[in-house]
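Structural description and commentary
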Amino acid sequence: MPDSSPAFGEALRREREARGWSLRELARHAGVSFGRLAELERGRDAHTDRPVAPGYRATVKIAAALGQDPADWLARAGHAPGPELTAEEWRVLGKIRRLPEDERRQLLAQWEAALDAWIERRVSQAGSVLDVSEPS
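Fair warning: this is a prediction, and the values are worked out from it, not measured in the lab.

Attention now moves to the overall build of the chain. Along the backbone of the chain there are 7 helices and 0 strands. Listing each helix as α and each strand as β along the chain from the N terminus yields α-α-α-α-α-α-α. Per-residue burial for the chain yields a buried fraction of 29% across its 136 residues. Contacts in the chain between residues far apart in sequence, at least 24 positions, make up 51% of those at least 6 positions apart.

Take a nonpolar patch on the surface next. A cluster of nonpolar side chains, namely Val-92, Leu-108 and Trp-111, defines an oily patch on the protein surface of about 260 Å² accessible area. Using a relative accessible area of 40% as the deciding quantity, one classes Val-92 as partly exposed.

Bringing helix H2 (residues 23–30) into the picture now. Among all positions of H2, only Leu-23, Leu-26, Ala-27 and Ala-30 are buried. Projection of H2 onto a plane perpendicular to its axis shows the buried side chains occupying an angular sector of 105°, all on one side. In H2, those exposed residues whose orientation departs by more than 90 degrees from the buried face are Arg-24 and Arg-28.

Before going further, it helps to examine the environment of Ala-64. Assignment of secondary structure puts Ala-64 in helix H4 (residues 56–66). According to the relative accessible area criterion, Ala-64 is partly exposed, its value standing at 43%. On a C-alpha basis, the gap between Ala-64 and Gly-94 in space is 7.6 Å, while along the polypeptide they are 30 residues apart.

Counting residues in each nonpolar core, the largest one holds 20 residues, and the members touching the most others are Phe-8, Leu-12, Leu-26, Leu-37, Ile-62, Leu-66 and Trp-73. Per-element accounting of this core gives the leading share, 5 residues, to H4. Non-local contacts of Leu-12, meaning those with residues more than four positions away in its chain, are made with Leu-26, Leu-37, Leu-40, Glu-41, Ile-62, Leu-66 and Trp-73.

This brings us to the pattern of salt bridges. All told, the structure shown has 9 salt bridges when counted by the stated rule. Across the pair Glu-101 and Arg-104 runs a salt bridge, and its minimum N-O distance is 3.2 Å. Here Glu-101 pairs with Arg-104, and both are found in helix H7 (residues 101–126), just 3 residues apart, close to one helical turn. The class for Arg-104 is partly exposed, based on a relative accessible area of 22%. Overlapping salt bridges, with partners in common, bring together Arg-13, Arg-16, Glu-17 and Glu-41 in one network.

As a further point, take the side chain of Glu-39. With respect to the helices and strands, Glu-39 occurs in helix H3 (residues 34–42). Given the relative accessible area of 9%, Glu-39 is considered buried. Beyond its immediate chain neighbours, meaning those up to four positions away, Glu-39 contacts Arg-44, Asp-45, Ala-46 and Val-52.

Cut-offs used in this document
Numbers given for residues are sequential positions, taken from 1 along each chain in its written order. Only residues with pLDDT of at least 70 are given local features in this predicted model, and only at 80 or more are side-chain atom pairs given and counted; all residues enter the totals for whole chains, interfaces and linings. Side-chain measures were taken over the full set of non-hydrogen atoms in the model, leaving aside hydrogen atoms and water. The helix count covers DSSP runs of H or I at least four residues long, the strand count covers runs of E at least two residues long, and both are numbered beginning at the N terminus. The buried label goes to any residue with under 20% of its type's maximum accessible area, the exposed label to any with over 50%, and the partly exposed label to all in between, with areas taken from a 1.4 Å probe on protein chains only. Any two residues whose heavy atoms approach within 4.5 Å at even a single point are treated as in contact. Patch membership is restricted to residues that have no salt bridge and whose relative accessible area is over 30%. Joining uses 9 Å for like charges and 5 Å for the nonpolar side chains Val, Leu, Ile, Met, Phe, Trp and Tyr. In this description, accessible areas are obtained by the Shrake-Rupley approach with a 1.4 Å probe, and a residue is regarded as covered only by the protein chains that are shown. The working definition used for a salt bridge is a side-chain nitrogen of Lys or Arg within 4 Å of a carboxyl oxygen of Asp or Glu. Read the arc as the range of directions from the helix axis to the C-beta atoms. To qualify as a nonpolar core, a set must consist of buried Ala, Val, Leu, Ile, Met, Phe, Trp, Tyr and Cys residues joined through side-chain atoms within 4.5 Å.

Okay, here's the thing in structure tokens:
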């Protein structure tokens, strides 16, 4: 479990209250249970009173619900950027997720087409197949 400081819970409470949301409203927006959010804000497990740290998925869901950069919240929670996404990729994804759905889909389709064209050019220049398989 990552080492998170009470700063996560304090920041979470500030952000939630700045929006005028109750814990139940944040739970609905984030898809994280009310009880878990209450523990995270307090920084203590409700049953054992031991310190708790937010998991990776819950942290990303909370950041998305708040419309903020997941990398910032992951760092606050004590998670280091993993090999699956760099900090730069998290920042770009955060920006993409804040776009209206139709604009997001259009932009992603344009980027995918541009990447496909780039890969095709690289393959023809290299004279061999590049490893561009999707991550598993």
